[in-house]
Amino acid sequence: MTNSEMLFERAVRHIPGGVNSPVRAFGSVGMTPRFITRGKGDRLWDADGNEYIDFVGSWGPMILGHAHPAVLEAVNKAARDGLSFGAATEREVQMAELICSAVPGMEMVRMVNSGTEAVMSAVRAARGFTGRDKLIKFSGCYHGHSDAMLVKAGSGLMTQGIPGSGGVPEGSTKDTLSAVYNDLESAEALFDMYPGQIAAVIVEPVGANMGLVPPKDGFLAWLRSLCDKNGALLIFDEVITGFRLALGGAQEYYGVKADLCTYGKIIGGGMPVGAYGGRRDIMSVVAPLGRVYQAGTLSGNPVAMAAGLAQLTVLSETGDFYEKLNGKSDAFFAEYDRILSDAGIGHCLNHTASLGCVFFTEKKVADYEDAQTSDTERFAQYFRFMMDKGIYLAPSQFEAMFLSAAHTAEDLEKTLDALREFAR
Ligand code: HOZ
């Protein structure tokens, strides 16, 4: 028995499913999880000393690679001064200034502790501001696990093949309306059905929790005008795309402005952080300025702020950071696609900037239903094969691959070699 297997055996006794987040259980790929002991750059090591080239990157935040020296130094320095005060600190001000200067249209921002919390709070602010209750989300988009968002959500729910979660009272989701990603008419029909009642449309600008599903040309701009026409707010959930596609996230990458944006892990450099923000008039409804309540003892935590500030500073001060990362990723995913095509393997490779995903289907995957046509058995075979070659991919068909600045040309080539072998 391996050390990881022994740890898992212990874990399942006291942790539901042995993990603290469902997809980590490796259930859908027919394996038990590898317990990770260390990460450096683009590499991970597990409890048995196996080494992997990592394409999960903690699900996005490790855009500089693991254990980046600037982030570590900032964390160490902050920790020496105390771990939490539950009081205002200068780093929170610096963080807000940095986010507002980097992100188009960001006038005020509130720090929270996770993407889930960010979305839950942004939705509350949108409802408080508009005085309306209903919300449109898109099937397959994942916006964290607050009750109202667990409607045809992607990520772990999609991996388990369930449309919603137990324990969510009907009342909590009665105002959540589902539209089809990339389908202009389905959202419009909901506005027609509920005139003057829709507070906001929330969308992952690039669907990154049903595998990877990029927006069709014009989809986001069209959502913008649909919201304007109906007096609703547009919320971009940038938990995955923020500071990843570009410094200004999807708003900058696609040139479409949202009213509110939500952020997660990437702005914490690996520490538990989230944020929501946007137009000043909307954010002014948030307490103590306004009547929309939201609070948190650990929000703006000094160590988490130090990590996030260090990471965002590297991202914003490295002039060609995104050009390089996105260029490297384009070349990598183009070759990935070619290898599978040359081998005659039916697949659809979707990729945007440093995010990508292979679906084993002949369909062009543009929404939740298309994504579900993927042969998940074949995905599991591919996952296990790659793992065996030391390539650590997301253990689910319905998650994305993340490249970082730390991925070396050599390691990307090794990954492509492993894929060539799989394809053979
Ligand atoms: N559902 C998360 C990714 N979309 C996975 C989080 C985790 O397991 O850490």
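Here, every reference points to the structure presented above.
Residues numbered from 1 in each chain as written. Predicted model: local features only at pLDDT ≥ 70, side-chain atom pairs only at ≥ 80, totals over all residues. Heavy atoms only, no water.

**Notes on empty space enclosed by the protein**
We apply this condition: Think of a 1 Å grid over the protein atoms and nothing else: a 1.4 Å probe that fits but is trapped marks a cavity, an open set flanked by protein within 12 Å on at least five of seven lines marks a pocket, and residues with an atom within 4 Å of a point count as lining. Grid points are joined across faces, edges and corners, and a volume is the space filled by probe spheres set on the points. Secondary structure is summarised from DSSP: a helix means a run of H or I of at least four residues, a strand means a run of E of at least two, and numbering begins at the N terminus for each. For this scheme, ten residues count as nonpolar: Ala, Val, Leu, Ile, Met, Phe, Trp, Tyr, Cys and Pro. Four count as charged, namely Asp, Glu, Lys and Arg, and the remainder, Gly too, count as polar.
Throughout the structure, instances matching the rule amount to 2 cavities of 30 Å³ or more. By volume, the largest cavity amounts to about 80 Å³. Lining the largest cavity are Cys-357, Val-358, Phe-379, Tyr-382, Leu-393, Ala-394, Ser-396, Gln-397, Glu-399, Ala-400 and Met-401. Elements that contribute at least two residues to the lining of the largest cavity include exactly β12 (355–359) and α14 (376–388). Its residues placed into classes, the lining of the largest cavity shows 8 nonpolar, 2 polar and 1 charged. Size it by volume and the second largest cavity reaches roughly 60 Å³. Around the second largest cavity, the lining residues are Gly-41, Asp-42, Asp-54, Gly-57, Met-62, Gly-65, His-66, Phe-402, Leu-403, Ser-404 and His-407.

**Here's the deal with the nonpolar core**
For clarity, the cut-off: For the purposes of this section, nonpolar cores are sets of buried Ala, Val, Leu, Ile, Met, Phe, Trp, Tyr and Cys residues that join through side-chain atoms within 4.5 Å. Burial classification: accessible surface area is computed with a 1.4 Å probe over protein chains only, and a residue below 20% of its type maximum counts as buried, one above 50% as exposed, and the rest as partly exposed. Here, residues are in contact when the closest pair of their heavy atoms is within 4.5 Å.
Core analysis: the largest hydrophobic core is formed by 115 residues, its most contacted members being Ile-99, Phe-138, Leu-223, Phe-243, Ile-267, Tyr-336 and Tyr-382. Ignoring sequence-local partners within four residues, the contact set of Tyr-336 consists of Leu-349, Val-358, Tyr-382, Met-386, Leu-393, Met-401, Thr-415, Leu-416 and Leu-419. With 22 residues, the next largest nonpolar core counts Ala-122, Ala-200, Ile-202 and Val-286 among its residues.

**Quick word on helix α3 (residues 90–102)**
The α-helix advances 3.6 residues per turn, and as a result positions three or four apart in sequence lie on the same side. Put simply, the rule reads: Each helix should span, by expectation, one fewer than its residue count multiplied by 1.5 Å. The arc under discussion is defined with respect to the helix axis, by the directions toward the C-beta atoms.
Compared with an ideal rise of 1.5 Å per residue, which puts 13 residues at 18 Å, α3 spans 19 Å between its outermost C-alpha atoms and is within 8% of the ideal. Burial in α3 covers these residues: Met-95, Leu-98, Ile-99 and Ala-102. Projected down its long axis, α3 carries its buried residues within an arc of 95°, all on one side. Along α3, exposed side chains directed more than 90 degrees from the buried face belong to Glu-90, Glu-97 and Ser-101.

**Re the side chain of Asn-301**
The residue Asn-301 is located in the loop between α10 (280–283) and α11 (302–317) in this model. Accessibility expressed as a relative area gives 13% for Asn-301, which makes it buried. In contact with Asn-301, not counting residues within four places along its chain, are Leu-83 and Ser-84.

**A short note on the site of the ligand**
Selection rule: One heavy atom suffices: a residue is near a molecule or strand as soon as one of its heavy atoms comes within 4 Å of it. Any pair of N or O atoms that falls within 3.5 Å is considered a polar contact. Within protein, one atom must be able to donate a hydrogen and the other to accept it, and sequence-neighbouring residues count only if both atoms are side-chain atoms. In these tables, accessible area is a Shrake-Rupley quantity obtained with a 1.4 Å probe, and a residue counts as shielded only by the protein chains included in the view.
As a matter of local geometry, the ligand sits amid Ser-21, Val-23, Arg-24, Trp-59, Ser-155, Asn-209 and Glu-399. Here Arg-24 contributes a side-chain N or O atom positioned 2.8 Å from an oxygen atom of the ligand. Contact between the ligand and Trp-59: an oxygen atom at 3.1 Å from a side-chain N or O atom of the residue. When the ligand is considered free in solution it has 290 Å² of accessible area, and contact with the protein chains removes 86% of it.

**Things to note about the packing of aromatic side chains**
Quick reminder of the rule: To pair, rings of Phe, Tyr and Trp, with the six-membered ring standing in for Trp, must have centres within 6.5 Å; the planes then decide the type, stacked if under 30 degrees apart, edge-to-face if over 60, and tilted in the middle. Remark: a charge is flagged as sitting over a ring if the NZ atom of Lys or the CZ atom of Arg is within 6 Å of the ring centre and within 35 degrees of the ring normal.
Scanning the model with the defined rule gives 19 aromatic pairs in all. Summarising the aromatic geometry, the rings of Phe-360 and Tyr-382 are spaced 5.3 Å apart at their centres and angled 65° between planes, so their arrangement reads as edge-to-face. You can see Phe-360 sitting in the loop between β12 and α13 (368–371) and its partner Tyr-382 sitting in helix α14, a full 22 residues away along the chain. Each member of the pair, Phe-360 as well as Tyr-382, is classed as buried. Through a chain of ring-to-ring contacts, three or more aromatic side chains come together here, namely Phe-26, Tyr-52, Phe-360, Phe-379, Tyr-382, Phe-383, Phe-385, Tyr-392 and Phe-422. The residue whose ring lies beneath Arg-38 is Trp-45, and the NZ or CZ to ring-centre distance is 4.0 Å.

**Brief notes about the sheet that holds strand β8 (residues 233–237)**
Each strand in a sheet pairs with its neighbour through backbone hydrogen bonds, running either in the same direction (parallel) or in the opposite one (antiparallel). Put simply, the test is: DSSP calls a pair of strands paired once it identifies at least 2 bridges connecting them. Fitted lines through C-alpha atoms give the axes, limited to the stretch in contact for helices. The angle between two N-to-C directions lies from 0 to 180 degrees.
If you walk across this open sheet you meet the 7 strands as β4-β10-β9-β8-β7-β5-β6, and the pairing is mixed. Looking at the sheet topology across the chains shown, the edges are occupied by β4 (108–112) and β6 (176–179). The sheet shows a mean angle of 20° between the axes of neighbouring strands, taken without regard to direction.

**What about the packing of helix α2 (residues 69–80) against α11?**
We count it as follows: If an angle is under 35 degrees, it is roughly parallel; if it is over 145, roughly antiparallel; if it lies from 65 to 115, roughly perpendicular; otherwise it is oblique. Definitions for this section: a left-handed crossing has its near helix turned counterclockwise from the far helix by less than a right angle. A right-handed crossing has that turn clockwise.
Orientation of α2 relative to α11, taken along the N-to-C sense of each, is 155°, at an axis distance of 8 Å. On the basis of the axis angle, α2 is roughly antiparallel to α11. Between α2 and α11 lies a crossing whose hand is right-handed. Within the contact between the two elements, α2 uses Ala-70, Val-71, Ala-74, Val-75, Ala-78 and Ala-79 and α11 uses Pro-302, Val-303, Ala-306, Ala-307, Ala-310, Gln-311 and Val-314. Of the residues assigned to the contact of α2 with α11, the class counts are 12 nonpolar, 1 polar and no charged.

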